[in-house]
Amino acid sequence: MSEDHPRDWKNLDLTAACRILENAGRRDPASVSKDPSEQLQYIINSLCDLSVHDGLTGLVNATFFHAVLNREIERSMRTAGTCGLMVIDIDHFKNVNDTYGHSVGDKVIQSVAAQMKKSMRSMDTAARIGGEEFAIILPDCTPEDALKAATRIHASLNPFTATIDDIVLKLTTSVGLVWTDPNATSITSSVMLSLADQEMYMAKRSGRGRMCYRHTEPIFVSSHEKSALMNISFEERLNG
Amino acid sequence: MGSERKRARRYALLSGKGGVGKSIITANLAATLSTFGRRILVIDADLGLASLDVILGITPVSTIQESFRGEQSIEQVLQSTRGFDFVPAASGLPEGTVLTERLTAGVESAIAALEERYDAILFDAGAGIGDVVMFFAGLADEIMLVVTPEPTCLMDTYATIKVLYHTHGTRDFLLVVNQSGPSPASADAGERIAAHLQEVISSHFESQETDPVRIRLAGSIPVDTAVKHSVMRRRLLGETNPDAPATRALTRLAAFIDAAIRNRKTP
Ligand SMILES: Nc1ncnc2c1ncn2[C@@H]1O[C@H](COP(=O)(O)OP(=O)(O)O)[C@@H](O)[C@H]1O
Ligand SMILES: [Mg+2]
């Protein structure tokens, strides 16, 4: 920069930030306050909010979801605890969109998200990770706790009645649940998500409206496998 | 003739644990395969801690990361050495450890642009089961696991196989047992480790089949001071120690891969 003085924040170029807010349907900073510092604070808060949340539901978005899940997996490994992951998919959602149009579909998604928020625990993180697919991170809980929490959430959504204007829709959801094994090797959020997805597809195949889960993670190396693996001599016989 | 063209066979060298010899094996394998007349492309896929350029004694002009950013074309990044082509990567850039759209699209377009010219592509991937490693594994036709005869390494290899089996549906693995550690093992260490892994997998993986996963020993490399000697001089084994036991073992590994490349199917 060629200026001799540090730039005054009042001269910051905020056009790009304002355009993003406009496109996201947020209020114009000028309408929020006359005070430039309050306007800037509003812009920062709104951009933070947009970068973390899904615009339709207000749940956490997919990017932030992976960051939170990775952190929780790490924490559960460090503390020898368990972290649960629940994947929720609305059954036959395509029919809703095809029959009533996308705006009704969007409202269904919003009401499912609202119900999820009501039935989950305060420490859980709910995310919208795809069109009609949601995930809930159940941190720091025993497998029994995870199962209990997931069962309650699933029950509140199964069946689920959404009233949109004068349309009443009775929907079901399929759920997959997995949890980390404190005795196993750590995994990444995407691997854990793909395992939860597999369980969810299992729930779909077995008739929808169901929940499938894993007692033990086959992808984690169990203590049985560990001891079988170590049942080879590395020194005496290999050196023989 | 055009329809007769065979697609390059892609090999990903992986290991649960780091420092087991992936990069040494990749470099020497590529050089030996090219003396057999195979057209080889090596991609340094350890985008967090790239080191192949150091092993090859090359100072890269530019790196694959620059091609992701559009600053260089992949042709400009490509370097020729010892009869094969090499795509170097930058080391120490944290962005190389995160699987971004830019990274996946960059790698895929680089492969699409170059693949035609080669018989085989070798990815020297990083250690562990991170997203970037799993991405390269997904691009490969063959997974080559490098393992040392140590409990920790065996454990990590097993976990890697299990994760790939569940996430990518990988069922065939090539194993290279490399004794990068200080203590020499017996001549049959390779066979014993391959058989042991196979047995533990077959008795513990949940599956209707007897062998849900097949482990094939592709090569066994003895501990050899010649390896360190060549690394220190930033040369390949064939250049510094052409008759060393490790050099001969790597030539046998190359012959094994050469046969597979020649027999590869047309797409
Ligand atoms: N067969 C071997 N005998 C002796 N030392 C070896 C052998 N293979 C590898 N090493 C040593 O291990 C080090 C790490 O190898 P490298 O290929 O860089 O591992 P990676 O790419 O798996 O991290 C080498 O620098 C070398 O000193
Ligand atoms: Mg390496």
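Because the structure is predicted, anything quoted here is derived from the model rather than measured.

The rules behind the values
- Residues numbered from 1 in each chain as written.
- Chains lettered and ligands numbered in written order.
- Predicted model: local features only at pLDDT ≥ 70, side-chain atom pairs only at ≥ 80, totals over all residues.
- Heavy atoms only, no water.
- Phe/Tyr/Trp six-rings, centres within 6.5 Å; stacked < 30°, edge-to-face > 60°.
- Helix = DSSP H or I, 4+ residues; strand = E, 2+ residues; numbered from the N terminus.
- Buried < 20%, exposed > 50% of the residue type's maximum accessible area, 1.4 Å probe, protein only.
- 1 Å grid on protein atoms, 1.4 Å probe; cavity = no way out; pocket = protein on both sides within 12 Å on 5 of 7 lines; lining within 4 Å.
- Points joined across faces, edges and corners; volume = space filled by probe spheres on them.
- Nonpolar A, V, L, I, M, F, W, Y, C, P; charged D, E, K, R; others polar.
- Near = heavy atom within 4 Å.
- Polar contact = N/O pair within 3.5 Å; in protein donor to acceptor, adjacent residues only side chain to side chain.
- Areas by Shrake-Rupley, 256 points an atom, 1.4 Å probe, with all protein chains shown as cover.
- Sits in = over half its atoms within 2 Å of the grid points.
- pLDDT = per-residue confidence, 0-100.

Topic: the packing of aromatic side chains
Residues and elements named next belong to chain B.
Point 1. All chains considered together, the criterion is met by five aromatic pairs over all chains.
Point 2. Ring centres of F123 and F136 lie 5.3 Å apart, and the angle between their planes is 55°; on these two criteria the pair is classed as tilted. With F123 in strand β5 (residues 120-127) and F136 in helix α6 (residues 131-139), the pair connects residues that are 13 residues apart, well separated along the chain. The same class applies to F123 and to F136, which are both buried.
Point 3. Through a chain of ring-to-ring contacts, the aromatic side chains of F123, F135 and F136 assemble into a single cluster.

Topic: the layout of surface pockets
Point 1. If you add up the space inside the largest pocket, you get close to 780 Å³.
Point 2. Along its surface, the largest pocket is lined by 37 residues, and G19, V20, G21, K22 and S23 of chain B are the ones closest to its centre.
Point 3. Listing elements by their share of the lining of the largest pocket, those giving two or more residues are α1 (22-35), α2 (52-56), β5, α6 and α9 (225-232) of chain B.
Point 4. Classifying every residue of the lining of the largest pocket gives 17 nonpolar, 15 polar and five charged.
Point 5. The computed volume of the second largest pocket comes to approximately 560 Å³.
Point 6. Lining the second largest pocket are 22 residues, and of these H66, S189 and S190 of chain A together with L99 and D131 of chain B lie nearest its centre.
Point 7. When contributions to the lining of the second largest pocket are tallied by element, the ones reaching two or more residues are α4 (62-78) and α8 (189-205) of chain A together with α5 (101-114), α6 and α7 (151-168) of chain B.
Point 8. Among the elements that make up the lining of the second largest pocket, the one with the highest residue count is α4 of chain A (five residues).

With respect to the site of ligand 1
Residues and elements named next belong to chain B.
Point 1. In the vicinity of ligand 1 lie 15 residues, with G19, K22, S23, I24 and N178 positioned nearest.
Point 2. V20 is positioned with one of its backbone polar atoms (N or O) 3.1 Å from an oxygen atom of ligand 1.
Point 3. One of the side-chain nitrogen or oxygen atoms of S23 is found 2.8 Å away from an oxygen atom of ligand 1.
Point 4. Coverage of ligand 1 by the protein amounts to 81% of the 570 Å² it exposes when considered alone.
Point 5. If you map ligand 1 onto the pockets, it falls in the largest pocket.
Point 6. Within the residue set of the shell around ligand 1, elements represented by two or more residues are α1 and α9.
Point 7. With three residues, the top contributor of residues to the shell around ligand 1 is α1.
Point 8. Partitioned by chemical class, the residues of the shell around ligand 1 number six nonpolar, six polar and three charged.

Regarding the confidence of the model for chain B
Point 1. Confidence in the prediction for chain B averages 90 pLDDT; 94% of positions are at 70 or higher.
Point 2. Under the prediction, the complex receives an ipTM of 0.80, its pTM being 0.64.

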